[in-house]
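Read off the chains here:
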Amino acid sequence: MDDGTRWIELDGAVNARDLGGLPTTDGRSTRRGRVLRSDNLQDLSVADVRLLLDDYALKNVIDLRSDAEVRLEGPGPLTRIPTVTVHQLSLFSEGGRHTDVAADVDKALPWQDRTTGHYLGYLADRGDSIVAALRVMTRTDGSSLVHCAAGKDRTGVVCALALDVTGVTREAIVADYAQTGERLEAVLNRLRGSDTYAADLDSRPADTHRPHAALMEKLFTRVDEEFGGTLGWLSGHGWTPEDTDALRERLLST
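Residues numbered from 1 in each chain as written. Predicted model: local features only at pLDDT ≥ 70, side-chain atom pairs only at ≥ 80, totals over all residues. Heavy atoms only, no water.

Undergrad: In this structure, what is going on with the overall build of the protein? I would like to understand it.
TA: Scanning the protein from terminus to terminus reveals eleven helices and five strands. Relative to the 2.2 N^0.38 estimate, which gives 18 Å for 254 residues, the radius of gyration of the protein is 17 Å and therefore close to what a compact globule would have. Counting only C-alpha atoms, the protein reaches 45 × 45 × 35 Å along its principal axes. A burial count over the protein gives 57% of its 254 residues as buried. About 10400 Å² of surface is accessible on the protein, with carbon and sulfur atoms providing 49% of the total. (Helix = DSSP H or I, 4+ residues; strand = E, 2+ residues; numbered from the N terminus. Rg over C-alpha atoms; globule rule 2.2 N^0.38 Å. Buried < 20%, exposed > 50% of the residue type's maximum accessible area, 1.4 Å probe, protein only. Areas by Shrake-Rupley, 256 points an atom, 1.4 Å probe, with all protein chains shown as cover.)

Undergrad: What is the right way to look at the nonpolar core in this model?
TA: Across soluble globular proteins, nonpolar side chains show a tendency to be buried alongside one another. Counting residues in each nonpolar core, the largest one holds 42 residues, and the members touching the most others are I130, L134, M137 and V158. Secondary structure elements with two or more residues in this core: α3 (111-125), α4 (127-137), α5 (154-166), α6 (170-179), α9 (213-227), α10 (230-235) and α11 (241-251). If near-sequence neighbours (up to four positions away) are discounted, V158 is found in contact with L64, L91, I130, A133, L134, M137 and V146. Core analysis: the second largest hydrophobic core is formed by 17 residues, A16, V49, L52 and L58 among them. (Core = buried A, V, L, I, M, F, W, Y, C linked by side-chain atoms within 4.5 Å. Contact = heavy atoms within 4.5 Å.)

Undergrad: It is not clear to me how α5 should be interpreted in this structure. Could you clarify?
TA: Residues spaced three or four apart along an α-helix face the same direction, because each turn holds 3.6 residues. With 13 residues, α5 extends 19 Å from end C-alpha to end C-alpha; this agrees with the ideal 18 Å at 1.5 Å per step. The buried fraction of α5 is high, at 13 of 13 residues. Count one or two residues on from α5 and you reach G167, which has phi positive near 100°. (Expected span 1.5 Å × (residues − 1).)

Undergrad: Where do I start with the confidence of the model for the protein in this structure?
TA: Atom-level detail of predicted coordinates should not be read off regions where pLDDT is low. The share of residues in the protein with pLDDT of 70 or more is 90%, and the mean pLDDT across the chain is 90. This stretch, residues 100-109, has a pLDDT under 50; its non-local contacts, to residues over four places away or in other chains, come to 28 contacts. (pLDDT = per-residue confidence, 0-100.)

Undergrad: Hey, could you run me through the pattern of salt bridges in this one?
TA: Two side chains of opposite charge can pair, provided their charged atoms sit close to one another. A full pass over the atoms with the stated rule returns 16 salt bridges. Notably, a salt bridge pairs D243 with R135, separated by 2.8 Å at the nearest N-O pair. Residue D243 is found in helix α11, and its partner R135 is found in helix α4; the two are separated by 108 residues along the sequence. For R135, a relative accessible area of 33% corresponds to the partly exposed category. For R170, the salt bridge is made with D164, and the minimal N-O distance between the two is 2.9 Å. Here D164 falls in the buried class, since its relative accessible area comes to 17%. One connected set of salt bridges, linked through shared partners, spans R6, R17, R37 and D176. (Salt bridge = Lys/Arg side-chain N within 4 Å of Asp/Glu carboxyl O.)

Structure (structure tokens):
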């Protein structure tokens, strides 16, 4: 499915990759250079910004962080690029004070179930942000980059829903979600260097940060059972067949 070249090597982010090259159920694949995903972009170097602009024609940034995170972390370098539009679309509520660590939905539940419940909370609380994020991905003026803090939970859910609409196989979607695990230690080390995130990260056992494939599989099972699938859920939040066509047109190879 993926030869490893989807990773985007940056000085100031460790979990950036291209959502191109993923197989679909009808034998096609997603186009490279259309939608990117990443962890926090606050530390991008001048060379990083140049790479994103020149190699990926970056035009739109989908920032899923909360207002508090953005305020505490300060404006990142991409906010100073006039040709890039930043869309702040919080998926609040986060479980920690500022981060996308898993919420304590019910402390009596295993952490895996709490995480799945937290992901469902994004859908319950911020359907407007999710729909808006997917619509940004349909824009034809260059690539879009979606990120949160770790580029794992909030970014993982939004990207999974977009890929599901596009027709990417569930196996490939789950594998992309889990791929963050390859960079997890570097992600956590980055976030521990920030006062905004360090306390929340260290309040949980290390394994609960890992993007286990079963978490995304459970989310899809719940969405299928409760809403008749991703499109069923989206249609209840204003998503239209025209939106679906636009996203597929943008992301799929011919």
